[in-house]
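Residues per chain are reported as follows:
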Amino acid sequence: MNISRRIFLSGSASLIVSAPIISRAFGSTSTKKNLVVIMLRGGMDGLTAVPFIGNNILKKARPDIGVDKPIKITSDFALHPQLKKFKKLWDKNKASIFHATSIPYTGRSHFEGQYLMESGGTVPYYDKTGWLGRALETANKKSLSISLPMPLILRGGKDLDNFMPSANRLPSDETLKILAADYHDDEALSNVLRTIRKRPIAMMQTSKNSSQDVKRLAKIAGQQLVQPNGPSIAVFDIAGFDTHADQGGDNGEHAKKLKQFDEIIGTLEDELGSAFEDTIIVSLTEFGRTVDQNGGSGTEHGYGSAILMAGGLLPKSKIIGDWPGLEKKNLFEGRDLDSSIDARAVYASILARVLDRDHKEIVKNAFFNANLPDMTQRIFG
Amino acid sequence: MKTKAFIRRVGFGLKPDEQVPTNPLDWAKEQMLVVPKLIWPGRIYSEKEMLDIRVDFTTSEDKLQKTEKDPSKAKAKKRKLYRRTGRKFFERYELAIRHHQAVYGNQPVFERFWHFWGNHFAIVDKNKLPVFNTGPMQREQLRPLMTGRFADMVYDMTLTWPMIKSLDNFKSRGPNSAFNVNRRRKNKPEKGLNENHGRELLELHTISPQAGYTQVDVINAAYIMTGWGFIGGKKGVEAKKIGYQGSLHEPGTHTVLGKKYKTEGFSSKTKGKKQLRNLIENLCESEDCINFIAWKLCRHFICDNPKPEMIKIIIDAWKKSKGMLPDIHKAVLEATWKYGEPEQKFLSPETWLIQIARMTGADWPGNPKIFEYDFESRLNYKQKKISWILGELGHLPFRAKQPNGFPDTEAEWLSQEYLVRRIALVNNPTQIGLYKNSLPLIDISKKMVNKNFDDPRELLGILRKLENKNSNSNSLIAVLCSRKVLKV
């Protein structure tokens, strides 16, 4: 990788001064816990990622797109063969799956669903902040989104930054100061520029390599998360799970996307080293997909999916959830895997654990006091 | 609104030598009456030519993968194939045509609306559609539709090649169509419905989920769409024609939002064909559609949270004209003129880029001659940079990740990384065709501010402070990345 400095050192003196100085003497570094949320846009098919193998129903429903070589993990469930790193973590008691779950949205629109999976509310396009952002508002933790936009899920939080490697160089801080003066009466622009000026040198580096390979992005996130004063929250955004046609089975479109998810997890494990023990990674999607394959060897928008979790904060590997079954009578509206638990309950319990907060407080701050049962025991017990 | 702010809001600002219109509202409205000719002096490839080139590429690539097993030979042959078919050339060429038109054309307001509709009917980045097809389709099919009826625009855009390809309707067949009845008779598994396009027709292109349709409505819309797809294809070769095949259509009456669509026609080939036209006509005249599109236009041109009184101006014009786009567009301009201030819009990266190029007189996207390509050599930097820069800014217009296109609000476009990229781009002004050896950049900045701001004093004040500091590109950053240019 061809790296040059995005900023001239001579111009960065004020950067160093304005950067927050947290001394190691405070000894807060050892308890820093990390949360990584990987958003899977388009509707991740929980039945492809973690197929039910307890009977033949799924196989029959999907003659052309079934998973032929599932990796059996329990008598009833298997993993998709592309989830290799995830399987390794499963074997080390560092991976779990919450199956048959969804955000409380049944409208099957991507864009409404994606909005709600990030806002944490129940009315599309209504809340202007995200559940993670609201949970972080008083948490005094930094977050980093590996994306060009600031995703809705983080909005409302403090100390937010986002990043993607880029080739052009910023001007000196002297120049940025001119803009800062110009932006002074615009809160949004001021906040954004303030974070830019405080960025660590590592994030000021430029790169001629324009590849947005997920491993590379995960490496960047890992390098930041591992810093004692760095972010504790990271968000990834992968699109392309909407496989209405040619979904594939062991290989193909959905498999390719699951592989990217798996590569992020594997890379983060490598980069974080011992900090992986204090980390939890979770997936998030807008809905699952129909049990039956459709006319184009794909699947349609559905309801229940799965949440994949990995990291040292998990005490043991297990499949959690109340499996509703795939028999026609058990399907949501006769076509989709049902959701037996509001996915927000899972995220609330994970947040409570990572942020060391009371579950009730998280539900109040992040999820509008929704009726979400405490899942702490089921996930972390 | 004030004159110059309005020109930046609905157009791309004024060129250095452009006259300030005496009546800006009329100036803008007149631009919506006639489809401007493309001013690009180079060759314009027809959509059909581009489909031929695409099919040549996909067929040759497929053949190459099957026949050439030696990796190094395969690599060399692939490179040759890429160059011969313009695999890396055409998207950049289309972008250059689009930007040349916006920067140098005389109907910039029309171009803004063209960009809006292109994004409304976004084609996702898959199957090499941005490489060969999306740009040509927008230029050849979408542009001329902008002076007609909205319903005709929806109907024709629904049946464009890239739309049918990207939303999978060519793979959708009625479960009880002649095709599937026949398959069942032969004990072959059914090849059934694909809901993708039917859903997006309702959700994105016409009525939006606000209309309250159900899953049953979506399935019925998808039934109505069955039969529309590619025709005349040969095995292993992509078909180039969109058409209707009655044998794939789901027979019977289909109900969408309470309205019944009967099977009309007698010939088995065309039976059911008219259902789609009838559905789209009904969708487009519904209150839900008019409200949704009027709101979306207001959000694009006036503010992120449009108020009812703004939207009403467009709804009234829509109803009065029975959905004629020139009237709708003129109403959008009137509403913007009336309510555009004190509201502000944070410009999308592409609009901002075109705007700063047009206002500064930058050599952007470069002399059309540099885009002459021999289909043999490697692309040079000048040919490549347009897509590289738009990619850096996060806004390659033919590469929407999802069919809802690119976003349209400040919350979506203002982030640390997006802003870093705009500042870093202007920090290297030669990239956008502003050369230090021409006019001093500070003079360009001053000229641009005087020309394009109703009250230039604040920005001129900033420039005055920089004058003595020998900071040429600083002056550009201070102006082009200023709040007043980012937000109009």
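Nothing here was measured: the structure is a model prediction, and the numbers come from that model.

J.: Can you tell me about the overall build of chain A, naming the residues and giving the values?
T.: Along its length, chain A carries 13 helices and 13 strands. Relative to the 2.2 N^0.38 estimate, which gives 21 Å for 381 residues, the radius of gyration of chain A is 21 Å and therefore close to what a compact globule would have. When the backbone C-alpha atoms are referred to their principal axes, chain A occupies close to 65 × 45 × 40 Å. Here chain A, with 381 residues, has 61% of them falling under the buried criterion. Sequence-distant contacts in chain A: of pairs separated by 6 or more residues, those separated by 24 or more amount to 73%. When the accessible area of chain A is evaluated, it comes to approximately 14500 Å², of which 50% is carbon and sulfur surface.

J.: Explain the overall build of chain B to me, using residue names and the numbers behind them.
T.: When its secondary structure is counted, chain B shows 25 helices and 4 strands. Relative to a compact globule of 488 residues, whose C-alpha radius of gyration would be 23 Å, chain B shows 25 Å and is just as compact. Across its three principal directions, the C-alpha atoms of chain B cover 85 × 65 × 35 Å. Taking the intrachain contacts of chain B between residues at least 6 apart in sequence as the baseline, contacts between residues at least 24 apart amount to 74%. For chain B, the accessible area works out to roughly 19800 Å², and carbon and sulfur atoms hold 50% of it. Taken together, the 84 basic and 54 acidic charged side chains of chain B have centroids lying 5 Å from each other.

J.: Outline the pairing of strand E10 (residues 279–285) of chain A, supporting the account with residue identities and numerical values.
T.: All names here are of chain A. Across the 7 residues of E10, 7 count as buried, placing the element largely inside the fold. Side chains of E10 alternate between two faces, with Thr279, Ile281, Ser283 and Thr285 and Ile280, Val282 and Leu284 buried alike. Bridge analysis of strand E2 (residues 34–40) against E10 gives 7 bridges, and the strand direction is parallel. Each bridged residue has a counterpart across the sheet, and for Val37 the counterpart in E10 is Val282.

J.: Can you break down the confidence of the model for chain B residue by residue, with the values?
T.: In this model, chain B carries a mean pLDDT of 96, and residues with pLDDT of at least 70 account for 99%. With a pTM of 0.93, the predicted complex shows an ipTM of 0.94.

J.: Provide a residue-level description of the interface of chain A and chain B, including the pertinent values.
T.: In this assembly, 56 residues from chain A lie in contact with 53 residues from chain B. Both faces combined, the contact of chain A with chain B buries some 4200 Å², and carbon together with sulfur accounts for 54% of it. Ranking the residues of chain A by area buried against chain B places Phe111(A), Leu148(A) and Asn168(A) at the top, with a combined share of 16%. On inspection of chain A and its partner chain B, the count reaches 6 salt bridges.

J.: Explain the pattern of salt bridges to me, and be specific about the residues and the numbers.
T.: Residues and elements named next belong to chain A. The full count for this structure, using the stated rule, is 56 salt bridges over all chains. For Glu253, the salt bridge is made with Lys256, and the minimal N-O distance between the two is 3.1 Å. Of this pair, Glu253 and Lys256 both sit in helix H10 (residues 253–272), 3 residues apart, roughly one helical turn. Judged by relative accessible area, Lys256 falls into the exposed class, the value being 51%.

J.: Can you break down unusual backbone geometry residue by residue, with the values?
T.: Note that the residue after Glu341(B), namely Pro342(B), is joined by a cis bond; omega there is 10°. With respect to the secondary-structure elements, Pro342(B) resides in the loop between helix H17 (325–339) and helix H18 (349–360). For the bond from Trp364(B) to Pro365(B), the omega torsion is 0°, close enough to zero to count as cis. Residue position: Pro365(B) is located in the loop between H18 and helix H19 (381–393). Residue Tyr125(A) is not a glycine yet carries a positive backbone phi of 60°. With respect to the helices and strands, Tyr125(A) occurs in the loop between helix H5 (110–119) and helix H6 (131–136). According to the relative accessible area criterion, Tyr125(A) is partly exposed, its value standing at 40%. Positive phi, normally seen in glycine, also occurs at Lys128(B), with a value near 60°. You can see Lys128(B) is positioned in the loop between helix H6 (108–120) and helix H7 (129–132).

J.: Mind laying out H6(B), listing which residues take part and the relevant values?
T.: All names here are of chain B. Over its 13 residues, H6 runs 18 Å from end to end, which matches the ideal 18 Å to within 8%, given 1.5 Å per residue. Taken across its 13 residues, H6 has 12 buried, putting it largely inside the fold. Of the positions making up H6, those classed as buried are Pro108, Val109, Phe110, Glu111, Arg112, Phe113, Trp114, His115, Phe116, Trp117, Gly118 and His120.

J.: Residue-level account of the packing of helix H15 (residues 287–301) of chain B against helix H16 (residues 308–321) of chain B, with values.
T.: Residue and element names in this part refer to chain B. Where H15 meets H16, the axes come as close as 9 Å, and the angle between the chain directions of the two elements is 130°. Relative to H16, the element H15 is oriented oblique. Once H15 is placed against H16, the crossing between them reads as right-handed. In this structure, H15 contributes Glu287, Ile290, Asn291, Ile293, Ala294, Trp295 and Cys298 to the contact, and H16 contributes Met310, Ile311, Ile314, Ile315, Trp318 and Lys319. Class assignment for the residues of the contact of H15 with H16 results in 10 nonpolar, 1 polar and 2 charged.

J.: Any details on the nonpolar core? Residues and values, ideally.
T.: The nonpolar side chains of a soluble globular protein tend to be buried with one another. In terms of nonpolar packing, the biggest core is built from 133 residues, with Ile38(A), Phe236(A), Leu268(A) and Trp352(B) touching the most fellow members. Element by element, the count of residues in this core is highest for helix H5 (residues 90–104) of chain B, at 7 residues. Beyond its immediate stretch of four places on either side in the chain, Leu268(A) contacts Val36(A), Ala218(A), Ala221(A), Gly222(A), Leu225(A), Phe236(A), Phe276(A) and Ile281(A).

J.: A description of the packing of helix H8 (residues 134–145) of chain B against helix H9 (residues 150–158) of chain B should follow, citing residues and the corresponding values.
T.: Residue and element names in this part refer to chain B. As a packed pair, H8 and H9 sit with axes 9 Å apart at the nearest point and diverge in direction by 160°. Between H8 and H9, the angle falls in the class roughly antiparallel. Once H8 is placed against H9, the crossing between them reads as right-handed. Between H8 and H9, the contacting residues are Met137, Leu142 and Leu145 on the first element and Asp152, Met153, Asp156 and Met157 on the second. Residue composition of the contact of H8 with H9, grouped by class: 5 nonpolar, no polar and 2 charged.

J.: Please give an account of the environment of Ala221(B) that cites residues and values.
T.: All names here are of chain B. One can find Ala221 in helix H13 (residues 215–225). Classification of Ala221 by relative accessible area gives buried; the value is 0%. Separated by 36 residues in the primary sequence, Ala221 and Leu257 place their C-alpha atoms 9.6 Å from one another. Beyond its immediate stretch of four places on either side in the chain, Ala221 contacts Gly198, Leu202, Val256 and Leu279.

Basis of the calculations
Residues numbered from 1 in each chain as written. Chains lettered and ligands numbered in written order. Predicted model: local features only at pLDDT ≥ 70, side-chain atom pairs only at ≥ 80, totals over all residues. Heavy atoms only, no water. Helix = DSSP H or I, 4+ residues; strand = E, 2+ residues; numbered from the N terminus. Rg over C-alpha atoms; globule rule 2.2 N^0.38 Å. Buried < 20%, exposed > 50% of the residue type's maximum accessible area, 1.4 Å probe, protein only. Contact = heavy atoms within 4.5 Å. Areas by Shrake-Rupley, 256 points an atom, 1.4 Å probe, with all protein chains shown as cover. Lys, Arg positive; Asp, Glu negative; His and termini not counted. Charge placed at Lys NZ, Arg CZ, Asp CG, Glu CD. Pairing = 2+ DSSP bridges. pLDDT = per-residue confidence, 0-100. Buried area = accessible area lost by both parts, 1.4 Å probe. Salt bridge = Lys/Arg side-chain N within 4 Å of Asp/Glu carboxyl O. Expected span 1.5 Å × (residues − 1). Axes fitted to C-alpha atoms, helices over the stretch in contact; angles between N-to-C directions. Parallel < 35°, antiparallel > 145°, perpendicular 65-115°, else oblique. Left-handed = near helix turned anticlockwise from the far one by under 90°. Nonpolar A, V, L, I, M, F, W, Y, C, P; charged D, E, K, R; others polar. Core = buried A, V, L, I, M, F, W, Y, C linked by side-chain atoms within 4.5 Å.

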